[in-house]
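# Chains, contacts and geometry: an overview
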Amino acid sequence: MEFSVKSGAPEKQRSSCLIVGVFEARKLSDAAETIDKASDGHLSAITRRGDMEGELGDTLLIHGVPNIQAERVLLVGLGKEREFDLNALNKATTAAVKALHYRGTTECVSHLTEIDIKGVDFEQILRQSVLAIDAAVYRFDQFKSTPEPGPRRPLRKVTFITPSRRGLLEAENHVREAMAISSGIHLTKNLANLPPNLCTPTALADQARKLMETHPHLAVEVLDQSRMEALGMNALLAVAKGSTEAPKFIIMEHMGGRDDEEPIVLVGKGVTFDTGGISLKPGLDMDQMKYDMAGAAAVIGLISIVAELKLPINVVGLVPTVENMPDGNALKPGDIIKSMSGQTIEVLNTDAEGRLILCDALTYAKRFKPDVVIDMATLTGACVIALGRVPSGLFSNTRALAQEITKAGEISQDRVWELPLWDEYQPQLKSNFADMANIGGREGGALTAAAFLSRFTKDYRWAHLDIAGTAWVTGDNKGATGRPVALLSEFLLKRARANAQSQIK
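If you're wondering where the values come from, they're calculated on a predicted model, not measured in any experiment.

## With respect to the pattern of salt bridges
What the rule picks out here adds up to 26 salt bridges. Between R127 and E177 there is a salt bridge whose closest N-O contact spans 3.8 Å. Placement of R127 in helix 4 (residues 122-137) and of E177 in helix 5 (residues 168-193) is noted, with a sequence separation of 50 residues between them. For the pair R127 and E177, one class covers both residues: buried. Close ionic contact of D371 with R495 constitutes a salt bridge, the shortest N to O distance being 2.7 Å.

Here it is as structure tokens:
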């Protein structure tokens, strides 16, 4: 999808279609009201007849509106005016794009970005619009021999209207950032949606290396099994023992900041398929365990965004990636393994494998002397039970970092909810035979998983995102969501701007 911005009066826009809004109680948005006046009440006559009530997401395509340059006008319901927020903007934009995408409209001009939202700046409005549009037209059907019929002439270009000509250059920069984020989300979704026979640890490593072809300033290194053995990554390697697929440890470095600047380290769980190992999962919905590498996909997507925008910060992406399979060599309940940190772990359940590969990755992260470390992992079903599929679970050993991530979630509409990381949960991990067990029982499963990881992050500021409920959706629309890429893109962009300002001073 191509995006651009411009300014100008709606009645003078030359386009195949203009998108304007109608609030409930048939109240026209400012752009719609301008068109209505230019057309001698054409739109208000339609709303008075009840053809458009303004219910959120309703659409009505109108041909031949008098005295305007556009061929057609699409009215979009905006819901209650006092309740119009970024979420409503997303829904209205999605509805508008779906209405035009299958009606032979190859380009359009959207005036929805002109609508004020209290407490929200124009940058956020533009970004949410771009992400909503790209999400609305996203398809993953490359493995269908006969793909489902798509639009004959799909929507290819959307132009957003800025409130004034004066801010046009700044708006163009915001759209460029939004397009990079959307591209990173697209990559994340594509990787997560791949079937597990194709998306292996080796394939993820190849994808990371591929980023260097378009971003030569990006450094990518992949550690194989022998190098991980030399480092003592025994927890990670133990998970891979039951699979014929070789484990990989991917390191991606974008050094856009000062040489002496402490990097932000992103860590993504990369279990490309999780059977549960010897502690075998139930067969129902096991196909969805291909999404157990969604954290890894998100890190690769985020590094692609950072590299594309050449952000003036240092960012390191770490992806421990394995396949968890049951065979004669597989990790067994009761096994004791020594992690890279030197701490020993009694394995009580081989389906609690994500924390085993993450603990070695979090130990490895220490060598970068990081400013902060943020891991993202489809870690626990318990987090889905606790929070559903709306926010990702957030845990952190630093109050300011948790607040920073929470704020980024609100701005990006990729929200999180902080859960406790209290010492009182640590006794549940007690083992009679090792330094700790890898599970803490049924109670507070997401919390004890985070408590386990915290034992490997004492030397730096750290946050853990449990994305088990948000990385993909189930049912008829089953597929990857690309979360938490939007959230952490906002976090990284804010850091980059603060860094750039400090360098100017």
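## Some points on the packing of aromatic side chains
Evaluation of the coordinates by the stated rule reveals eight aromatic pairs. Here Y291 and W472 contribute two aromatic rings whose centre-to-centre distance is 5.2 Å and whose plane-to-plane angle is 15°, an arrangement assigned as stacked. Of the two residues, Y291 is situated in the loop between strand 11 (270-274) and helix 9 (294-309) and W472 in strand 20 (residues 472-473); the sequence distance between them amounts to 181 residues. Classification of Y291 by relative accessible area gives buried; the value is 2%.

## Concerning the packing of helix 3 (residues 86-101) against helix 4
Here helix 3 crosses helix 4 at 40°, and the two axes come no closer than 9 Å. With respect to their mutual orientation, helix 3 and helix 4 come out oblique. Crossing of helix 3 against helix 4: the hand is right-handed. Residue-level inspection shows L86, L89, N90, T93, T94, V97, K98 and H101 of helix 3 in contact with helix 4, the latter providing Q124, I125, Q128, S129, A132, I133, A136 and V137. Partitioning the contact of helix 3 with helix 4 into residue classes produces eight nonpolar, seven polar and one charged.

## Focus: the pairing of strand 10 (residues 264-268)
With five of five residues buried, strand 10 is to be regarded as a mostly interior element. Burial along strand 10 is two-sided: I264, L266 and G268 and V265 and V267, pointing in opposite directions, are all buried. Judged from the four bridges that link them, strand 10 and strand 12 (residues 314-324) form a sheet pairing that is parallel. For V267, the partnering residue across the bridge sits in strand 12 and is L318. Pairing of strand 10 with strand 15 (residues 372-377), which is carried by five bridges, proceeds in the parallel orientation. Counterpart to L266 in the pairing with strand 15 is I374.

## Brief notes about the confidence of the model for the chain
In the predicted model, the chain carries a mean pLDDT of 96, and 99% of its residues have values of at least 70. Looking across the chain, the model is least confident in helix 14 (residues 485-504), with a mean pLDDT of 89, and most confident in strand 10, with 99.

## Details of helix 12 (residues 399-412)
Look at helix 12: 20 Å from first C-alpha to last across 14 residues, which is about the 20 Å you get at 1.5 Å a residue. L401, A402, E404, I405, A408, G409 and S412 are the residues of helix 12 that are buried. The buried residues of helix 12 all sit within an arc of 160° when viewed along its axis, so they share a single face. Taken from the residues just after helix 12, Q413 is the one with a positive phi, measuring 65°.

## What to know about the side chain of H101
Within the element layout of this structure, H101 appears in helix 3. Taking relative accessible area as the criterion, H101 reaches 8% and is therefore assigned buried. Apart from residues no more than four positions distant in its own chain, H101 is found in contact with V137, P151, R153, P154 and L155.

## Brief notes about unusual backbone geometry
What is expected of a backbone is that most residues other than glycine have negative phi and most peptide bonds are trans. The residue after R483, namely P484, is reached through a cis peptide bond having omega 10°. On the secondary structure map, P484 appears in the loop between strand 21 (479-480) and helix 14. Phi at N67 is positive, roughly 65°, even though this residue is not glycine. Here N67 shows up in the loop between strand 4 (59-63) and strand 5 (72-79). Phi at K369 takes a positive value of approximately 50°, unusual for a residue other than glycine.

Procedures and definitions
Residues numbered from 1 in each chain as written. Predicted model: local features only at pLDDT ≥ 70, side-chain atom pairs only at ≥ 80, totals over all residues. Heavy atoms only, no water. Salt bridge = Lys/Arg side-chain N within 4 Å of Asp/Glu carboxyl O. Helix = DSSP H or I, 4+ residues; strand = E, 2+ residues; numbered from the N terminus. Buried < 20%, exposed > 50% of the residue type's maximum accessible area, 1.4 Å probe, protein only. Phe/Tyr/Trp six-rings, centres within 6.5 Å; stacked < 30°, edge-to-face > 60°. Axes fitted to C-alpha atoms, helices over the stretch in contact; angles between N-to-C directions. Parallel < 35°, antiparallel > 145°, perpendicular 65-115°, else oblique. Left-handed = near helix turned anticlockwise from the far one by under 90°. Contact = heavy atoms within 4.5 Å. Nonpolar A, V, L, I, M, F, W, Y, C, P; charged D, E, K, R; others polar. Pairing = 2+ DSSP bridges. pLDDT = per-residue confidence, 0-100. Expected span 1.5 Å × (residues − 1). Arc of directions from axis to C-beta.

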